[in-house]
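Results of the structural survey
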Amino acid sequence: MKRRVYEALQKHIDHPIVLEKPKDKNFGHYATPIAFSLAKVLRRNPMQIAEELAEKLREEEMFEKVDALKGYVNIKLSQNFLNDYATWALEHEEAFGKGDNGQSVLLEFVSANPTGPLHIGHARGAVWGDVLARIGTHVGCRIEREYYVNDAGNQIYLLGLSVYLAGREAVLGLDVEWPEEYYRGEYILDLAREAVEALGQEMFMDEGFIPEIAEWAKERMLELINRNLADVGIFFDHYVSEKSLYEKWDEILTKLAEAGAVYEKDGKWWLKSTEHGDEKDRVVVREDGRPTYLAGDIIYHYLKFERGYDHYINIWGADHHGYIARVKAAIAFFGYDPQKLEIILSQMVSLLKGGEPYKMSKRAGNFILMQDIVQEIGADALRFIFLTKKSDTHLEFDIEDLKKEDNSNPIYYINYAHARVFSLFEKAGKEQKDVVRVSLNGLGEDAYDLLFTALILPEVLEDAFESRQLQKVTDYLKYLAGLYHKFYYDNRVIGTPYEEKLLKLSAMVALSLRVGLKMLGITAMKKM
RNA sequence: GCACCCGUAGCUCAGCUGGAUAGAGCGUUGGCCUCCGGAGCCAAAGGUCAGAGGUUCGAAUCCUCUCGGGUGCGCCA
């Protein structure tokens, strides 16, 4: 809809146009301060320019009214235009809001180490990535979801060691000496019990079996992580194993050397990441010849770019922000455009419980599990908490509040509006198809406000996706639901001369709420 | 010390590609059910947009500095 307006304006203006929604709805549906920027170029009075422009735009059929006010050009869409659009939307439910962006995007998210269950911080990135993918797909991108599995290195050995020791101590009752660093937490005990059962006691008699135990435990953890994700409706198209990448390392190192990207010093190989804006060069091969973690990431991103997507998005925890420069540097050395890699940082989540800060630490084992929160407040509420906040800001919430908040949760507010519409149709003994072609002519201003708000869903989705600000969708849904609740309160529907018109309007609102909720991974309720 | 994120109502947060009178939810106070779902609606109180400069027709929004909070600065992953 916005695009149609934009195109209409373009016919008359040869200048970048900013189109916005006026704060005061009396000003119309759209407004542009274009006259101010044109005034600078043309060196003329903005009021005058606005007036001339308004004059030209009045010829467009889709506009009912075009005003010039204090330099702004305010535009009001015609009722016929809005009505026809609503009819189209209701007849093409699946297509409403669908775009044709066409970009192919590889979205990497979660990528939590397979050494434990997902905690609440992971959940934020997981939900964000999932919804970004849902909306992106709806607006027409071809988005593939990928999980990078860090299944190599010391941490996996540590996992094995932890299970091995827990098995000896808690299951077999042997004396053990705990090292300084190991994984704690109940899940390690569970794993140990299972492992003794599945692998046999003899595996716990000799440290030499630790790598085998580690491998087994890692697989179990991946299964667990996937179950955690599935419980909130999150899935992946690809899993890439870090371990499997290293066989390509020699080849990649050669490529880097040919590009002049690496050098040898102190018996180690360094990436010249400072050449591309990093603060220092980074070791990629240790003295003993083993590649570092960065090497794995270099291979991974090289292969990503080889796969030829238009754009790449990684959602990382904010604690990895220092890592961006070196990965981008490597990409640049391969001759690819590092701009195509976009890193979205998901900031910390702090939890309170009854006002007390909850320290989250994987090693300490007292972190809050995503599955526990899901069990307490439900997947939908968990999704909503994260989606009402932008990703790059710290988020703090109290578990106790969330528990008691299930009644005042905005999801209920939105769903209630949706359910009310279905209740109306039921009471009226009608179905949507009975009213889609009804003309809305004759309805009042508030009805058209509501209709217009329902119809802007596509541009809200597009804007939210393009700006990576998913909270715009939740804001919109709350606003639309609020408008409908008020409208419902002010207007009687059934038994009035406007019954069919108002049912159509209600159906349109419900459609936008439903599609919007679907984008958030939440199913709209017809009854509550 | 350097880098990144943040500082907006009592609390949790929107608004930030500069635009018209700074918003929501919760909390507080007071109204609205003989009537389609009161899980709703209406109203009130509550703000030096951390502070100071700058840029310009115009700044919560952009720039600089200061103060305050968080995170990162491994050849761990």
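With that settled, the discussion passes to the environment of K433. Positionally, K433 belongs in helix α17 (residues 432–435). On the basis of relative accessible area, K433 is assigned to the exposed category, the value being 61%.

Moving on to the sheet that holds strand β7 (residues 262–265). Ordered in space as β7-β8-β9, the 3 strands form an open sheet in which the pairing is antiparallel. At either margin of the open sheet sits one strand with a lone partner, and together these are β7 and β9 (282–285). Between one strand axis and the next, the sheet turns through 45° on average, direction left out of account. The pairing of strand β8 (residues 268–271) with β9 spans 3 bridges and is antiparallel. From the neighbouring strand, W270 faces β9, where its bridge partner is V283. Relative to β9, helix α11 (residues 293–306) is tilted by about 80°, and along the sheet it contacts β8 and β9.

What follows concerns the protein's contact with RNA strand B. Surveying the vicinity of RNA strand B reveals 56 residues, the closest of which are Y72, Q155, K268, R420 and N491. In RNA strand B, atoms within 4 Å of the protein come from the sugar-phosphate backbone in 64% of cases. In the model, a phosphate oxygen of RNA strand B is placed 3.5 Å from a nitrogen or oxygen of the Y293 main chain. Within the backbone of M528, an N or O atom sits 3.3 Å from a base oxygen of RNA strand B. If you list the elements that add at least two residues to the surface near RNA strand B, you get α2 (34–42), β3 (72–77), α6 (154–171), β14 (395–398), α16 (410–428) and α20 (471–490). Ranked by residues supplied to the surface near RNA strand B, first place goes to α16 with 8 residues. Looking at the surface near RNA strand B, its residues break down into 20 nonpolar, 17 polar and 19 charged.

Take Y30: it is sitting in strand β1 (residues 30–32). When the C-alpha positions of Y30 and P179 are compared, they lie 65 Å apart, and in sequence the two are 149 residues distant. Here E459 takes part through its side chain, which lies 2.6 Å from a polar atom of the side chain of Y30.

It is worth spelling out the nonpolar core at this point. Membership of the largest hydrophobic core comes to 125 residues, with the highest contact counts inside it found for M1, L77, L229, L382, F386 and M508. In terms of residue count, the dominant contributor to this core is helix α21 (residues 499–519) (12 residues). When sequence neighbours within four positions are dropped, the list of residues in contact with M1 reads Y30, L77, F81, L82, Y85, F452, L455, I456 and E459. If you look at the next biggest cluster of nonpolar residues, it comprises 33 residues, including V285, I298, Y323 and L345.

Let us look at the sheet that holds β1. The strands making up a sheet associate through hydrogen bonds between their backbones, and the pairing can be parallel or antiparallel. Reading across from one edge, β1-β3-β2 is the order of the 3 strands in this open sheet, with antiparallel pairing throughout. Both edges of this open sheet fall to β1 and β2 (63–69), since each of them pairs with a single strand only. Across the sheet, the axes of successive neighbouring strands diverge by a mean angle of 20°, strand direction being ignored. Two elements, β1 and β3, share 3 bridges in a ladder whose sense is antiparallel. Across the sheet, residue A31 finds its bridge partner in β3, namely N74. Contacts between helix α1 (residues 2–10) and the sheet are confined to β1, β2 and β3, with β3 contributing the most and set at about 130° to the helix.

Criteria and cut-off values
- Numbering of residues starts from 1 in each chain and follows the order in which that chain's sequence is written.
- In the order they appear in the text, chains get letters beginning with A and ligands get numbers beginning with 1.
- A pLDDT threshold of at least 70 governs which residues receive local features in this predicted model, and a stricter bar of 80 or more applies before side-chain atom pairs are shown or counted, although totals over entire chains, interfaces and linings include all residues.
- Derived side-chain values reflect all non-hydrogen atoms in the structure, with water molecules and hydrogen atoms excluded from consideration.
- Numbered from the N terminus, helices here are DSSP runs of H or I no shorter than four residues, and strands are runs of E no shorter than two.
- Buried, partly exposed and exposed residues are distinguished by accessible area as a fraction of the type maximum, computed with a 1.4 Å probe on protein chains only: under 20%, between the cut-offs, and over 50%, respectively.
- Paired strands are those between which DSSP finds at least two bridges.
- Axis angles are defined between N-to-C directions and span 0 to 180 degrees, where every axis is a line fitted to C-alpha atoms and, for a helix, only to the segment in contact.
- Only heavy atoms enter the contact rule, under which two residues are in contact if any of them lie within 4.5 Å.
- Nearness here has a simple test: a residue counts as near a molecule or strand if at least one of its heavy atoms is within 4 Å of that partner.
- What qualifies as a polar contact is a pair of N or O atoms within 3.5 Å, subject to a donor-acceptor requirement within protein and to the restriction that residues adjacent in sequence count only when both atoms come from side chains.
- Side-chain classes follow a simple rule in which Ala, Val, Leu, Ile, Met, Phe, Trp, Tyr, Cys and Pro form the nonpolar group, Asp, Glu, Lys and Arg form the charged group, and the remainder, Gly included, forms the polar group.
- Definition used in this section: a nonpolar core is a set of buried Ala, Val, Leu, Ile, Met, Phe, Trp, Tyr and Cys residues joined via side-chain atoms within 4.5 Å.

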